[in-house]
Every structure is written in structure tokens, then in C-alpha cells.
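# Survey of secondary and tertiary structure
Take a look at the letters that make up each chain.
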Amino acid sequence: MSIVLYRVDDRLIHGQVVVGWGQPLEAGFIVLVDDEVRASEWEQDLYRMGVPPHIEVVFASVEEARRRLGAWNADPRSGILLARDIDTFAAIVGDANGLIRRINIGGVHHRDGRSERLRYVYLTDAEANKLRQLAARGIEITAQDVPTARAVPLQEFV
Amino acid sequence: MSEPLRGIVVSHSAVAQSLVAAVAAIAGVEDALLPVSNEGCDERALADRLTAAIGGKPAVLFVDLPGGSCLTGAVRYARGKVDLAVVTGVNLAMLLDFVFHRDVTPAEAARRAAEAGARAIRTPAA
């Protein structure tokens with residue numbers, strides 16, 4: 001099945017991911033790409049607590065994600081790949097050889113410098129530009145917090 | 001302990017508000033619990049809400065799910081702080097027990113609350 005959902009979500013592993021998406025997608029593994037979490041056993045234990053035992057959780061650095069993306073896509077199970085920000089995806093996409101065709105913006109919350117684009121999407125102008133650049137490479141970008149919501153096309157929120 | 005512990009109920013959406021209101025309605029105790037929702041929060045914003053609710057005093061954080069952003073935020077916030085303890089799987093029964101047993105340490109209150117909450121989960125014959 002490979003990775004069926006590439007998601008930007010600053011909460012990383014949480015209810016919407018595990019239950020909202022994980023159930024209908026029948027996820028067998030979740031890849032969490034984050035250098036800080038990858039370096040901390042304590043953080044990893046914390047994120048594992050929210051995941052039922054039948055779903056494997058893989059913690060990867062950005063560098064590891066670049067190298068292992070092909071292997072994850074050859075996995076017979078359905079997978080979800082998560083990162084907390086757009087920069088991480090921009091870094092991975094460079095080496096993805098077309099493996100990433102869609103990116104879901106699932107939750108990017110308010111910070112100084114960001115403005116509201118959707119109820120659950122706040123972006124700086126720089127982040128919005130990065131999304132446009134990813135779209136220009138042929139990647140479909142949509143915002144959708146849960147599967148039952150409408151997938152909002154990029155041009156409607158940047 | 002000079003001042004009884006406070007409980008901070010941390011939840012998705014308005015679950016916390018409703019639980020706190022229900023405790024007040026049932027027990028008549030209105031100063032023991034405060035609700036915190038994660039609505040619209042990333043981790044930093046949730047930490048800000050926890051800081052405001054806790055107010056630097058000893059407390060037990062009652063979290064709705066044993067996983068997810070409320071728990072990760074609460075555990076990360078409470079890490080290394082002896083005057084805070086975390087319980088997951090909050091239910092009305094554990095809160096009702098807690099509000100009448102607050103003259104103990106946060107760790108003791110959390111342990112007792114967890115036991116009270118677990119005892120309330122049953123499958124009675126209908």
C-alpha cells in the first residue's frame with residue numbers, strides 16, 4: 001500500500017491522526033519525521049502512548065526520511081507520514097523522486113507572524129510561498145483536518 | 001498543606017468545561033477544578049493555557065485521552081515538577097472523588113483519582 005497520507009500537523013501524533021485518519025486508512029504504520037523527537041527516547045515514549053499496539057510508529061530524522069522514503073513506500077501496509085512544519089516537507093521532497101504526490105495540511109496553528117488562512121491553518125507569507133513552490137513541482141496540496149471534511153485546494157487558502 | 005489541591009481538566013473541545021460544570025452541579029464544589037481545552041492550540045499555546053490555569057500552585061492535571069495532544073502537552077508541561085501530577089482517562093467519577101480528597105500531595109491525589117475512575121467503569125446487567 002505504501003504511504004497513503006503525507007500530513008503537516010504541528011500536534012504530530014494525536015487523536016485526529018490515529019483515530020480520524022488511521023481508522024479509515026487502516027494504517028499499519030506511522031512515520032514521525034522530526035529531528036528533535038528522533039533524538040529523545042522520552043519524547044518517543046510520549047507519542048507512542050497515543051497509538052494502539054497494532055500500529056507501528058517509526059521515528060525518523062529528516063535525513064533518515066530522505067533515505068528511507070522509498071522503503072516505506074514499498075511497505076505492504078498503509079502508512080501515514082507526519083511532520084510538524086512545511087520546511088520539513090520541503091526538505092524531504094527534494095529527494096523524493098516523485099513519491100510524494102499529495103500533501104495534506106492538517107493543522108498549523110497560530111504563532112507570531114502567521115495569519116489565519118483556515119480555522120486550523122495559520123501561515124506566514126514565507127510558508128505560503130513554500131507551499132506554492134511545492135505545488136509548482138506538481139504536488140497536490142490541500143487542507144483537511146479530518147477525512148469527513150472537504151479537502152480545501154491550496155488556491156483557496158494561500 | 002496550606003491550600004487544597006486544584007484539578008485542571010485538559011480535554012479536546014468542550015469536554016473539560018462540561019465535566020467541571022457537572023461536578024459543580026452534583027457536588028456543589030465550584031473552586032476545585034478548572035477546564036482547559038486544546039481547541040485551536042499547538043503545544044506552545046496549550047502550555048500557555050496550562051500556565052494560566054495552574055497559577056503556580058500544586059495541581060493534578062486530568063487529561064481526557066491516554067494519548068494525543070492533550071496528554072503530550074500535559075506530560076511535557078509537568079515533567080520534573082513535583083507539585084504537578086497527571087492522570088489520563090478522566091471521568092466524572094474520578095473528579096467527584098478528587099474534589100473531596102485534596103489535602104494530599106499531587107501524586108497521592110492522582111493515584112487515588114485513577115483508582116476511583118477505574119472503579120466506576122462497569123458493565124452492569126440491564
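An account of the accompanying structure is given in this report.

Analysis parameters
Residues numbered from 1 in each chain as written. Chains lettered and ligands numbered in written order. Predicted model: local features only at pLDDT ≥ 70, side-chain atom pairs only at ≥ 80, totals over all residues. Helix = DSSP H or I, 4+ residues; strand = E, 2+ residues; numbered from the N terminus. Rg over C-alpha atoms; globule rule 2.2 N^0.38 Å. Contact = placed C-beta atoms within 7 Å. Pairing = 2+ DSSP bridges. Axes fitted to C-alpha atoms, helices over the stretch in contact; angles between N-to-C directions. Core = buried A, V, L, I, M, F, W, Y, C linked by C-beta atoms within 7 Å. Buried ≥ 20, exposed ≤ 12 C-beta atoms within 10 Å, placed from the backbone. Parallel < 35°, antiparallel > 145°, perpendicular 65-115°, else oblique. Left-handed = near helix turned anticlockwise from the far one by under 90°.

## Considering the overall build of chain A
Each helix and strand counted, chain A has 6 helices and 9 strands in total. Taken over C-alpha atoms, the radius of gyration comes to 15 Å for chain A, in line with the 15 Å a tight globule of 158 residues would show. Viewed in the frame of its principal axes, chain A has a C-alpha envelope of about 40 × 30 × 30 Å. Excluding contacts between residues fewer than 6 apart, the proportion of contacts in chain A whose partners are at least 24 apart in sequence is 72%.

## Considerations on the pairing of strand β6 (residues 115-118) of chain A
Two faces belong to every sheet, and in a regular strand the side chains alternate between them. Residues and elements named next belong to chain A. Two elements, β6 and strand β7 (residues 121-123), share 3 bridges in a ladder whose sense is antiparallel. Considered in β7, the bridge of E116 is made with Y122. A loop of 2 residues connects β6 with β7, the two strands running antiparallel in sequence.

## Quick notes on the sheet that holds strand β3 (residues 59-63) of chain B
Residue and element names in this part refer to chain B. Read from one edge of the open sheet, 4 strands run β2-β1-β3-β4, paired in parallel fashion. Sheet topology places β2 (33-37) and β4 (84-88) at the edges, where each strand pairs with a single neighbour. Here the strands of the sheet are splayed against their neighbours by 20° on average, with no regard to which way each runs. Sheet analysis places strand β1 (residues 6-11) next to β3, joined by 5 bridges and oriented parallel. Bridging across to β3, V10 finds its partner in V63. Against the sheet, helix α2 (residues 43-54) makes contact with β1, β2 and β3, and its axis sits at roughly 170° relative to β2, the strand it touches most. Here helix α5 (residues 106-119) sits on the sheet and contacts β3 and β4; the angle it forms with β4, its principal contact strand, is near 10°.

## Here's the deal with the nonpolar core
Membership of the largest hydrophobic core comes to 41 residues, with the highest contact counts inside it found for I13, I30, L32, V33, I80 and L82 of chain A. In terms of residue count, strand β2 (residues 27-33) of chain A provides more of this core than any other element does, 5 residues in total. Apart from the residues within four sequence positions on either side, I80 of chain A is in contact with L5, R7, V17, W21, G22, L25, A27 and I30 of chain A. Counting residues in hydrophobic clusters, the runner-up holds 37 residues, among them A16, V20, A74 and A85 of chain B.

## Let's talk about the packing of helix α5 (residues 86-93) of chain A against helix α6 (residues 125-136) of chain A
Residue and element names in this part refer to chain A. Their axes nearest at 10 Å, the elements α5 and α6 cross at an angle of 30°. Comparing the axis directions of α5 and α6 gives the class roughly parallel. In this structure, α5 crosses over α6, and the sense of that crossing is left-handed. When α5 is examined against α6, the residues I86, F89, A90 and V93 are found in contact with a partner set consisting of E127, K130, L131 and L134.

## A word on helix α1 (residues 15-25) of chain A
All names here are of chain A. Among the residues of α1, G15, Q16, V17, V18, W21 and G22 are the ones counted as buried. Where α1 is buried, its residues meet β1 (2-9), β2, β4 (78-83) and β5 (102-107). Directly beyond the C-terminal end of α1, a positive phi value near 50° is found at E26.

## Some remarks on the sheet that holds strand β8 (residues 140-143) of chain A
The 7 strands lie next to each other as β3-β2-β4-β1-β5-β8-β9 (chain A), forming an open sheet whose pairing is mixed. Whereas interior strands pair on both sides, the edge strands pair on one side only; in this sheet they are β3 (56-60) and β9 (152-153) of chain A.

## What to know about the environment of F157 of chain A
All names here are of chain A. Position of F157 among the secondary structure elements: in the segment after β9. Classification of F157 as partly exposed rests on a count of 17 C-beta atoms within 10 Å. Along the primary structure F157 and L81 are separated by 76 residues, whereas in three dimensions their C-alpha atoms are 22 Å apart. With near-sequence residues (within four places) excluded, F157 lies in contact with R117, L118, V121, A143 and V152.

## Topic: the packing of α2 of chain B against helix α3 (residues 69-78) of chain B
Residue and element names in this part refer to chain B. Packing of α2 against α3 brings their axes to within 10 Å, and their N-to-C directions diverge by 60°. Relative to α3, α2 is oriented oblique. Like other packed secondary-structure pairs, α2 and α3 cross with a definite hand, here right-handed. Listed contacts from α3 to E43, L46, A47 and L50 of α2 are G73, A74 and Y77.

## A closer look at α3 of chain B
Because each turn of an α-helix spans 3.6 residues, side chains separated by three or four positions end up pointing in the same direction. Most of α3 of chain B sits inside the fold, with 7 of its 10 residues counted as buried. All of the buried residues along α3 of chain B are S69, C70, L71, T72, G73, A74 and Y77 of chain B. For α3 of chain B, the secondary structure elements touched by its buried residues are α3 (41-48) of chain A together with β1, α2, β3 and β4 of chain B. At the C-terminal side of α3 of chain B, G80 of chain B shows a positive phi close to 80°.

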